[in-house]
2 protein chains.
Amino acid sequence: MAKKDKKSWEKLFRVTNDAEFKYAKVDPAATPGLSGREEAAPILAANTARMNELQERLYAEGAQALLIVLQALDTGGKDGTIRAIFGPLNPQGVQVTSFKVPTALELAHDYLWRVHQQVPPKGMIGIFNRSHYEDVLVAKVHHLVDEKAVRKRYAQINAFEEHLQENGVTILKFHLCISRDEQRERLQQRLDEPEKHWKFNRGDLAERALWDDYVEAYQAMLRNCSPSSAPWHVIPADKKWYRNAVISQIVADTMEKMEPKFPPAEEGLDKIVIPE
Amino acid sequence: MAKKDKKSWEKLFRVTNDAEFKYAKVDPAATPGLSGREEAAPILAANTARMNELQERLYAEGAQALLIVLQALDTGGKDGTIRAIFGPLNPQGVQVTSFKVPTALELAHDYLWRVHQQVPPKGMIGIFNRSHYEDVLVAKVHHLVDEKAVRKRYAQINAFEEHLQENGVTILKFHLCISRDEQRERLQQRLDEPEKHWKFNRGDLAERALWDDYVEAYQAMLRNCSPSSAPWHVIPADKKWYRNAVISQIVADTMEKMEPKFPPAEEGLDKIVIPE
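Below, the structure is looked at part by part. (Residues numbered from 1 in each chain as written. Chains lettered and ligands numbered in written order. Predicted model: local features only at pLDDT ≥ 70, side-chain atom pairs only at ≥ 80, totals over all residues. Heavy atoms only, no water.)

## What about the nonpolar core?
Then, number 1: Membership of the largest hydrophobic core comes to 38 residues, with the highest contact counts inside it found for A:Tyr133, A:Met221, A:Leu222 and A:Trp232.
Then, number 2: At eight residues, helix α10 (residues 211-224) of chain A tops the list of elements feeding residues into this core.
Then, number 3: Core analysis: the second largest hydrophobic core is formed by 37 residues, B:Ala65, B:Phe128, B:Ile157 and B:Tyr218 among them. (Core = buried A, V, L, I, M, F, W, Y, C linked by side-chain atoms within 4.5 Å. Buried < 20%, exposed > 50% of the residue type's maximum accessible area, 1.4 Å probe, protein only. Helix = DSSP H or I, 4+ residues; strand = E, 2+ residues; numbered from the N terminus.)

## Comments concerning the packing of helix α2 (residues 37-61) of chain B against helix α11 (residues 240-258) of chain B
Residue and element names in this part refer to chain B.
Then, number 1: Interaxial distance between α2 and α11 falls to 8 Å at its minimum, and their mutual angle equals 30°. Relative to α11, the element α2 is oriented roughly parallel. Seen from above, α2 lies across α11 with left-handed handedness. Here α2 contributes Arg-37, Ala-40, Ile-43, Leu-44, Asn-47, Arg-50, Met-51, Leu-54, Gln-55 and Leu-58 to the contact with α11, which in turn contributes Trp-241, Asn-244, Ala-245, Ser-248, Gln-249, Val-251, Ala-252, Asp-253, Met-255, Glu-256 and Met-258.
Then, number 2: Counted by class, the contact of α2 with α11 contains twelve nonpolar, five polar and four charged residues. (Axes fitted to C-alpha atoms, helices over the stretch in contact; angles between N-to-C directions. Parallel < 35°, antiparallel > 145°, perpendicular 65-115°, else oblique. Left-handed = near helix turned anticlockwise from the far one by under 90°. Contact = heavy atoms within 4.5 Å. Nonpolar A, V, L, I, M, F, W, Y, C, P; charged D, E, K, R; others polar.)

## A look at the sheet that holds strand β3 (residues 125-129) of chain B
Residues and elements named next belong to chain B.
Then, number 1: With parallel pairing, five strands are arranged side by side in an open sheet as β2-β3-β1-β4-β5. Of all the strands in the sheet, the pair left with one neighbour each is β2 (94-98) and β5 (232-236). Here the average twist between neighbouring strands, direction ignored, is 20°.
Then, number 2: Sheet analysis places strand β1 (residues 65-72) next to strand β4 (residues 169-177), joined by eight bridges and oriented parallel. For Val-69, the partnering residue across the bridge sits in β4 and is Lys-173.
Then, number 3: Sheet strands in contact with helix α10 (residues 211-224) are β1, β4 and β5, and its direction is about 135° off that of β5. (Pairing = 2+ DSSP bridges.)

## A look at the relation of the copies chain A and chain B
Then, number 1: For these two chains of identical sequence, chain A goes onto chain B by a turn of 180° and a shift of 0.0 Å along the axis, with RMSD 0.0 Å. The superposition of one copy onto the other is thereby described by a two-fold rotation axis.
Then, number 2: In this assembly the copies share their binding face: 100% of the residues contributing to the interface of chain A also contribute to that of chain B. (Least-squares fit on C-alpha atoms with pLDDT ≥ 70 in both.)

## Observations concerning the interface of chain A and chain B
Then, number 1: Contacts between the two partners involve 46 residues from chain A, matched on the other side by 46 residues from chain B.
Then, number 2: Remark: the boundary between chain A and chain B carries four salt bridges.
Then, number 3: Our count for the chain A to chain B interface comes out at 20 residue pairs in polar contact (both at pLDDT 80 or more).
Then, number 4: Ranked by residues supplied to the side of chain A that touches chain B, first place goes to helix α8 (residues 180-192) of chain A with six residues.
Then, number 5: Grouping the constituent residues of the side of chain A that touches chain B by class yields 21 nonpolar, ten polar and 15 charged. (Salt bridge = Lys/Arg side-chain N within 4 Å of Asp/Glu carboxyl O. Polar contact = N/O pair within 3.5 Å; in protein donor to acceptor, adjacent residues only side chain to side chain.)

## Re the pattern of salt bridges
Where side chains of opposite charge bring their charged atoms close, a pairing between them can arise.
Residues and elements named next belong to chain A.
Then, number 1: For the structure on display, the rule yields 32 salt bridges over all chains.
Then, number 2: Between Glu-147 and Lys-140 there is a salt bridge, with its nearest N and O atoms 3.1 Å apart.
Then, number 3: On the basis of relative accessible area, Glu-147 is assigned to the partly exposed category, the value being 36%.
Then, number 4: The class for Lys-140 is buried, based on a relative accessible area of 11%.
Then, number 5: With its nearest N and O atoms 2.8 Å apart, the salt bridge here joins Arg-186 to Glu-182. Within this pair, Arg-186 and its partner Glu-182 are both found in helix α8, separated by four residues, close to a single helical turn.
Then, number 6: You can call Arg-186 buried: its relative accessible area is 8%.
Then, number 7: With relative accessibility at 17%, the residue Glu-182 sits in the buried group.
Then, number 8: The network of salt bridges with common partners includes Arg-50, Asp-253 and Glu-256.

## Section: helix α7 (residues 147-166) of chain A
Side chains that are three or four residues apart share a direction in an α-helix, a result of its 3.6 residues per turn.
Residues and elements named next belong to chain A.
Then, number 1: Given a rise of 1.5 Å per residue, 20 residues ought to cover 28 Å, and the 29 Å separating the end C-alpha atoms of α7 matches this to within 8%.
Then, number 2: Of the positions making up α7, those classed as buried are Val-150, Arg-153, Tyr-154, Ile-157, Phe-160, Glu-161 and Leu-164. The buried residues of α7 all sit within an arc of 140° when viewed along its axis, so they share a single face. Opposite the packed face of α7, turned more than 90 degrees from it, sit the exposed residues Lys-148, Arg-151, Lys-152 and Glu-166. (Expected span 1.5 Å × (residues − 1). Arc of directions from axis to C-beta.)

## Some words on the sheet that holds strand β3 (residues 125-129) of chain A
Backbone hydrogen bonds hold the strands of a sheet together, and the pairing may be parallel or antiparallel.
Residue and element names in this part refer to chain A.
Then, number 1: The parallel open sheet is built from five strands, whose spatial order is β2-β3-β1-β4-β5. Since the sheet does not close on itself, it has two edges, and those belong to β2 (94-98) and β5 (232-236), each with one partner. Neighbour-to-neighbour, the strand axes of this sheet turn through a mean angle of 20°, independent of strand direction.
Then, number 2: Pairing of β2 with β3, which is carried by five bridges, proceeds in the parallel orientation. Bridge pairing in β3 places Ser-98 opposite Asn-129.
Then, number 3: Contacts from helix α11 (residues 240-258) reach β1 (65-72), β3, β4 (169-177) and β5 within the one sheet, and its direction differs from that of β4 by about 170°.

## Topic: the environment of A:Glu162
Then, number 1: Topologically, A:Glu162 is positioned in helix α7.
Then, number 2: Between the C-alpha atom of A:Glu162 and that of A:Asp192, which follows or precedes it by 30 residues, the distance is 44 Å.

## Comments concerning empty space enclosed by the protein
Then, number 1: According to the stated counting rule, one finds one cavity of 30 Å³ or more in the structure shown.
Then, number 2: By volume, the largest cavity amounts to about 40 Å³.
Then, number 3: If you trace the largest cavity, you find it lined by A:Pro91, A:Val94, B:Pro91, B:Val94, B:Gln95 and B:Val96.
Then, number 4: Per-element tally for the lining of the largest cavity: the top contributor is β2(B), with three residues. (1 Å grid on protein atoms, 1.4 Å probe; cavity = no way out; pocket = protein on both sides within 12 Å on 5 of 7 lines; lining within 4 Å. Points joined across faces, edges and corners; volume = space filled by probe spheres on them.)

## Here's the deal with the side chain of B:Arg153
Residue and element names in this part refer to chain B.
Then, number 1: Turning to its location among the elements, Arg-153 is positioned in helix α7 (residues 147-166).
Then, number 2: Buried charged residue Arg-153 carries no salt bridge. Nearest counter-charge: Asp-135, at 4.1 Å.
Then, number 3: Beyond its immediate chain neighbours, meaning those up to four positions away, Arg-153 contacts Tyr-111, Asp-135, Val-136, Ala-139 and Val-145. (Lys, Arg positive; Asp, Glu negative; His and termini not counted.)

Below you can see the structure in the form of structure tokens.
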């Protein structure tokens with residue numbers, strides 16, 4: 001793929017055929033379209049400029065919203081992605097929600113209740129750091145609900161997202177795919193730097209031991225929750241520079257397709273002179 | 001004031017004596033401590049670096065929050081301040097709330113109900129673009145409540161903020177003070193640039209005509225809601241570069257005083273080797 005073909009990343013990484021997607025076939029270290037870090041930096045910079053301009057229009061227009069869903073295994077790079085790609089935007093138009101272990105109040109409701117509350121309002125970009133997909137990932141791996149319930153949830157989630165899209169919320173879903181080796185390195189790094197210790201907890205090791213179960217849960221989820229209106233994108237994420245270039249490209253292209261417009265000027269504004 | 005005295009900005013602009021503060025004495029174009037734009041840029045950059053580092057600790061610590069309240073007359077620069085000072089921080093640790101005209105649901109509750117919901121949780125920096133202070137500003141100017149109720153609200157607001165501070169929320173309040181001339185220029189600019197038209201509405205003109213009433217309401221509010229634990233800072237804001245240097249300085253210094261600390265490492269983390 002030549003550099004000028006970077007617009008095809010969206011297609012390349014989109015999960016299209018929901019019955020045939022094979023997780024094992026994804027190469028987390030691949031960097032199709034880019035030969036190295038030097039090529040990635042100007043792409044991210046150009047996309048940042050585009051996103052900034054489009055974000056102002058989206059905000060001014062106040063008619064549609066963009067929801068970004070980020071899912072990954074531990075150390076997959078969700079935090080870094082948010083920082084690198086959405087950090088440079090106007091914080092007033094960006095709303096990040098990190099979904100943690102549900103509270104007692106949240107558990108007293110259906111699993112989409114807390115999610116619906118955090119859907120970005122018109123004019124905004126909302127970012128989900130983890131999401132309702134945990135309810136078919138961690139919930140499946142740890143058998144918090146049975147398989148039949150998991151399958152029902154796929155359908156419920158698809159219906160929920162369709163509802164949102166029909167009501168002006170564009171949805172982009174990214175799974176940051178890292179290799180088992182890369183995770184080992186990143187976890188070890190957190191242990192080796194005392195200032196990173198707070199990011200580590202022993203539970204991460206137990207989850208790592210369930211790697212294959214997670215891969216299976218991801219594969220099933222990706223296959224079942226990728227309708228053409230809101231498909232997943234599986235991004236090779238071992239190389240952070242590649243991940244950032246690709247995601248920024250897909251986000252900026254999507255915002256362009258949303259065609260946000262400044263609202264029409266009120267009649268006669270050009271004749272007003274502000275008094276002393 | 002010499003450049004090295006920039007730490008005294010906090011004291012210089014703090015409203016200390018609540019009975020004697022005179023709004024008319026503030027010079028919105030003043031730039032004490034700085035001779036020009038060139039001197040301001042490195043100060044903002046240095047403060048951005050400090051805030052970034054302190055923000056990570058605040059987030060990791062997860063024990064206390066910082067609430068920034070921004071109030072200004074139209075075009076006072078709230079949006080620009082948010083962008084310039086909080087834009088470079090990690091969006092995951094920043095939560096911006098723009099308070100608009102209250103909804104029917106909000107009006108069905110006391111005026112602090114919607115505000116309390118938006119107080120930043122532990123670990124976060126919350127920014128209020130407008131705030132509960134509108135309920136003693138616009139509410140006073142437009143006689144939405146009577147004078148007796150306004151005075152009661154000063155006391156209620158002070159009690160509310162004291163409650164927050166006693167529960168781990170540090171509060172910094174900035175009034176961005178611009179001159180009447182500067183507002184005229186900024187409003188005119190919005191009319192002269194078609195892409196800025198969406199920021200203008202005719203209501204702004206009606207509010208501008210009430211300038212003196214707003215000044216009176218601000219003066220009364222600043223005098224009555226500046227206890228030493230949560231005083232207002234009145235920032236000369238005609239010069240954006242000055243405003244940004246000063247506010248970033250006060251925010252960074254305050255975060256330093258909060259002394260956020262990385263949580264203590266779990267015992268034995270340094271002995272863990274991540275398995276293959």
